[in-house]
Amino acid sequence: MSFRKIFLLAVVLLGITAFFLFDLGRFLSLDYLKQSQARFEALYAAQPLTVSLAYFALYVVATALSFPGAAIITLAGGAIFGLWWGTLLVSFASSLGATLAFLVSRFVLRDSIEAKFGNRLAEINRGIEKDGAFYLFTLRLIPVVPFFVINLVMGLTKMKAITFYAVSQIGMLAGTLVYVNAGTQLAQIDSLQGILSPALLGSFVLLGVFPLIAKWIVGLLQKRKVYARWASVKPKRFDRNLIVIGAGAGGLVSAYIAAVVKAKVTLVEAHKMGGDCLNYGCVPSKALIKSAKLAHQMRHGETYGLHSSAPTFSFKAVMQRIQDIVRAIEPHDSVERYTGLGVEVLQGYAKLVNPWTVEIAMNDGTTQTLTTRSIVIAAGARPFVPPLPGLEDSGYVTSDTLWEKFGQLDEVPGRLVVLGGGPIGCELAQSFARLGSQVTQVEMAPRLMAREDAEVSELARQALTKDGVDVRTGHKALRVENTNGVKTLVVEHAGAEQRIEFDELLCAVGRSARLTGYGLEELGIPTNKTVETNEYLQTLYPNIFAAGDVAGPYQFTHVAAHQAWYAAVNALFGDFRKFKADYSVIPWATFIDPEVARVGLNEQEAKEKGIAVEVTRYGIDDLDRAIADSEAHGFVKVLTVPGKDTILGVTIVGTHAADLLAEYVLAMKHGLGLNKILGTIHTYPTLAEANKFAAGEWKRAHAPQQLLAWVGRFHDWRRG
């Protein structure tokens, strides 16, 4: 804490101490005020300006220091100055004093509070940014809420001081009028309770509730305005309760939930059921990773006491295995399964005609038009292809198209360029290198996997380099050339051009949401890289929702399924109750070897957000099972609230890191700390013990050394 903060805090504490030490509260009683009323009135008659200014200053100081007795001072304003002049003085003095208290709280306390509770405050600040003035106004209307508490708490948020002052000035006016008016009738007041009768308190509560009612009415009016252009085409009856566009993870889960609760639901998919994850992403890539890892282990058999041997295989057979695995999982997401669950599945291209009507161009050439109360858009995302000159003529592949094209090859690509250093690029670069490709990975950023901590990026680079990947970070792709059948990627590094010849080029620089072709433009639904939604996943039209990659902010299959619950439930039951999508605990993993898995904050994010954390680290090279498996590399890194076992984030690097992470995801979701993990029995010998040992590292760092010293003396005494 800076000197200025300490000085200001000392001044405030001295003021409060003086108030109680000299019993200044005796001057803020109703009896004292009634006894002194005549004297105050005489002073005011003799020196009106001086008394008014002195009263104003006293009120500001009392409010700024949160002294008890503001009600008495307000009554005095009415008794001495009358209704209108008293109201004017009290209104401005109370608002100014409240703002000073607000600023003191912000200056002295906010940084330390943010350091300890940064994540929680971030969520509160998002709400304050959106509706803070409205809620402050409501609180100001209800005098049963202590105003000094409001002043101090609001100072901890990011509400602008001018907003706080203006809302307070207006919001406290009704209560000020009541108290000042009561002060003009001071002789008839026997107690403060007499001012706030049950009937008057009820009136204030109604005043407080009124903004909520007003907000609801405004919401209805806004809703009518949004739908105004479509009012003439709104159906009186609907064919469906819900239509879901897209049969990836988000769409499948949305449709499933609707069917479970007996809603009439139609799922529309133009291409393959299961979406990108089943057909092009998670499933085929993990099958490829498994084959590549086995080939790697064969080359390094001596690690396990076996003879090392170069794997001999048909690349076409490897790719065929991947397709066999996709087909084995297909029934989980098939038309037949979902039809059996009660979902109507239509295969074709859906287009929004109006907020309640969907036109479906069926794959068999027919057209079907359906009306529905609600719609969930789960159109997913596609690989982003950068506008590199010459790229379109290079025969490039993406994470979607490589499976079909490479499946026709007899041999693994000889020279493969992987454009992109994110999770997809890293997974595929390592896998093809392990299968025998000469892989060059090109990334414009200074390091791989830039969302992770720098040490994680470096470990990923080392792992890929060890497997033969030529990793080139800080290289910007400029163009693709094709001269006499020789394909070359031209890149820039340190101001100079370099040329990388290749047989195949894999573009893995990210994915972009599918935003065109199904009517968003015609309906005027806003998009900005993703479909814009509110916290309930509603678009511009409250009956149209979006979930999954098309909605963001995360492009993970498990997040799409997570969002689908909120989208479906809000779509079907939102008129009665709506649920805000919860992103507080989102895990993810990159399945390179060793795996990288994370949930919550990492160190670089904590630093960027100014959140104080304590870092606990356990090296997996010390873990018995990892040593037995010859996988003794990596670490568990846990970020906690300083001095507490509350988990803010976890990064795990090592074999099966994604599986190990699940215990921390559960702990964070349900508010369990490291002490609970330490107190849980973990089977020996397993990799999961790494979580317990990480908790043990935290515990050792917080051992009560002074107490243990005394315990040691106790044992010395027991030994005589």
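Our structure is the block above this text.
Keep in mind that what you see is a predicted model, and the values were worked out from it rather than measured. Starting from 1, residues in each chain are numbered consecutively following that chain's sequence as written. Local features in a predicted model are, by the rule used here, given only for residues with pLDDT of at least 70; side-chain atom pairs are given and counted only at 80 or more, and totals for whole chains, interfaces and linings are based on all residues. The side-chain quantities take in all heavy atoms of the structure and omit both hydrogens and water.

**What to know about the pairing of strand β12 (residues 486-493)**
Any two strands with at least two DSSP-identified bridges between them are counted as paired. In this text, helices come from DSSP runs of H or I with a minimum length of four residues, and strands from runs of E with a minimum of two, each type numbered from the N-terminal end. Relative to β12, strand β11 (residues 476-483) is paired through seven bridges, and the arrangement is antiparallel. Bridging across to β12, V480 finds its partner in L489. Connecting β11 to the next strand, β12, in antiparallel fashion are two residues, including N484 with a positive phi near 55 degrees. With seven bridges joining them, β12 and strand β13 (residues 496-502) adopt antiparallel strand pairing. Each residue of the ladder has a partner; that of K487, found in β13, is F502. Between the antiparallel neighbours β12 and β13 lie two residues, among them A494 with a positive phi of about 55 degrees.

**Digging into the side chain of T640**
Examined against the element boundaries, T640 turns out to sit in strand β22 (residues 635-640). Here the term buried applies to any residue with accessible area under 20% of the maximum for its type, exposed to any over 50%, and partly exposed to those in between, with areas from a 1.4 Å probe on protein chains only. You can call T640 buried: its relative accessible area is 0%. Aside from chain neighbours lying at most four places away, what touches T640 is V613, E614, D645, T646, I647, L648, L674 and W698. What makes two residues a contact is simply this: any of their non-hydrogen atoms within 4.5 Å.

**As for the sheet that holds strand β7 (residues 397-398)**
One open sheet holds the five strands; their spatial order is β7-β14-β8-β9-β10, and the pairing between them is parallel. Of all the strands in the sheet, just β7 and β10 (470-473) have a single pairing partner and so form its edges. Bridge count for strand β9 (residues 438-443) against β10 is four bridges, and the pairing is parallel. In the sheet register, E443 faces β10, and the bridge partner there is T473.

**Comments concerning the state of the cysteines**
Working definition: the covalent bond between the sulfur atoms of two cysteines is a disulfide. Here, the term disulfide refers to a pair of cysteine sulfur atoms separated by no more than 2.5 Å. All told, the structure shown has one disulfide when counted by the stated rule. Paired through a disulfide, C277 and C282 show a sulfur-sulfur distance of 2.4 Å. Its S-S torsion of approximately -130 degrees makes the covalent link between C277 and C282 left-handed. Among the residues examined, C282 registers a relative accessible area of 30% and is labelled partly exposed.

**Observations regarding the packing of helix α3 (residues 48-64) against helix α4 (residues 70-81)**
In contact at an axis separation of 10 Å, α3 and α4 are set at 165 degrees when each is read in the N-to-C sense. By the angle class used here, α3 and α4 are roughly antiparallel. Viewed along their axes, α3 and α4 form a crossing whose handedness is left-handed. The segment α3 lies against α4, with V51, S52, Y55, Y59 and A62 engaging A70, I73, T74, A76, G77 and F81. Each residue is assigned to one class: nonpolar for Ala, Val, Leu, Ile, Met, Phe, Trp, Tyr, Cys and Pro, charged for Asp, Glu, Lys and Arg, and polar for all the others, Gly among them. Per-class residue counts for the contact of α3 with α4 are eight nonpolar, three polar and no charged. For helices, the fitted axis covers only the stretch in contact; all axes are lines through C-alpha atoms, and the angles between them, taken along N-to-C directions, range from 0 to 180 degrees. The labels follow the angle: roughly parallel below 35 degrees, roughly antiparallel above 145, roughly perpendicular from 65 to 115, and oblique for the rest. Crossing chirality is assigned from the near helix's rotation relative to the far helix, an anticlockwise turn below a right angle marking it left-handed and a clockwise turn marking it right-handed.

**Observations regarding helix α23 (residues 657-669)**
Along its 13 residues, α23 runs 18 Å from first to last C-alpha, staying within 8% of the 18 Å computed at 1.5 Å per residue. The angle separating two fitted axes, one through the seven residues that finish at a residue and one through the seven that start at it, defines the bend at that residue. Most pronounced at E663, the bend in α23 amounts to some 25 degrees. The set of residues buried in α23 consists of A657, L660, L661, Y664, V665, A667 and M668. Of the surrounding elements, those touching the buried residues of α23 are β19 (587-590), β20 (595-600), β22, β23 (647-654), α24 (674-678) and α25 (689-701). Positive backbone phi, approximately 70 degrees, marks G671, located one or two places after α23. Working rule for helices: expected span equals 1.5 Å times residues minus one.

**Quick notes on the packing of helix α13 (residues 282-299) against helix α17 (residues 423-434)**
Contact pair α13 / α17: the axes reach a minimum separation of 8 Å and the direction vectors enclose 40 degrees. The angle between α13 and α17 falls in the class oblique. Crossing of α13 against α17: the hand is left-handed. In contact with S285, K286, L288, I289, A292, K293, A295, H296 and R299 of α13, α17 contributes E427, L428, S431, F432 and R434. The residue inventory of the contact of α13 with α17, partitioned by class, reads six nonpolar, three polar and five charged.

**Considerations on the sheet that holds β13**
Taken in spatial order, the three strands make up an open sheet running β11-β12-β13, and their pairing is antiparallel. Either end of the sheet is taken by a strand with one partner, and the two such strands are β11 and β13. Strand after strand, the sheet turns through a mean of 25 degrees between neighbouring axes, direction not considered.

**Observations regarding the packing of aromatic side chains**
Centre distance and the angle of the planes are the two values used to describe a pair of aromatic rings. Each pair of aromatic rings taken from Phe, Tyr and Trp, with Trp reduced to its six-membered ring, is defined by centres within 6.5 Å and is described as stacked if the planes are under 30 degrees apart, edge-to-face if over 60, and tilted in the remaining cases. What the rule picks out here adds up to 16 aromatic pairs. For the pair F102 and F164, a centre-to-centre distance of 4.3 Å together with 15 degrees between the ring planes defines the contact as stacked. Note that F102 is positioned in helix α5 (residues 83-141) and F164 in helix α7 (residues 161-171), a separation of 62 residues in sequence. As far as burial versus exposure is concerned, F102 and F164 are alike and both buried. A positively charged side chain is recorded as over a ring if its NZ (Lys) or CZ (Arg) lies within 6 Å of the ring centre. The angle to the ring normal must also be within 35 degrees. Stacked on the ring of Y536, the Lys or Arg K578 has its end atom at 4.5 Å from the ring centre.

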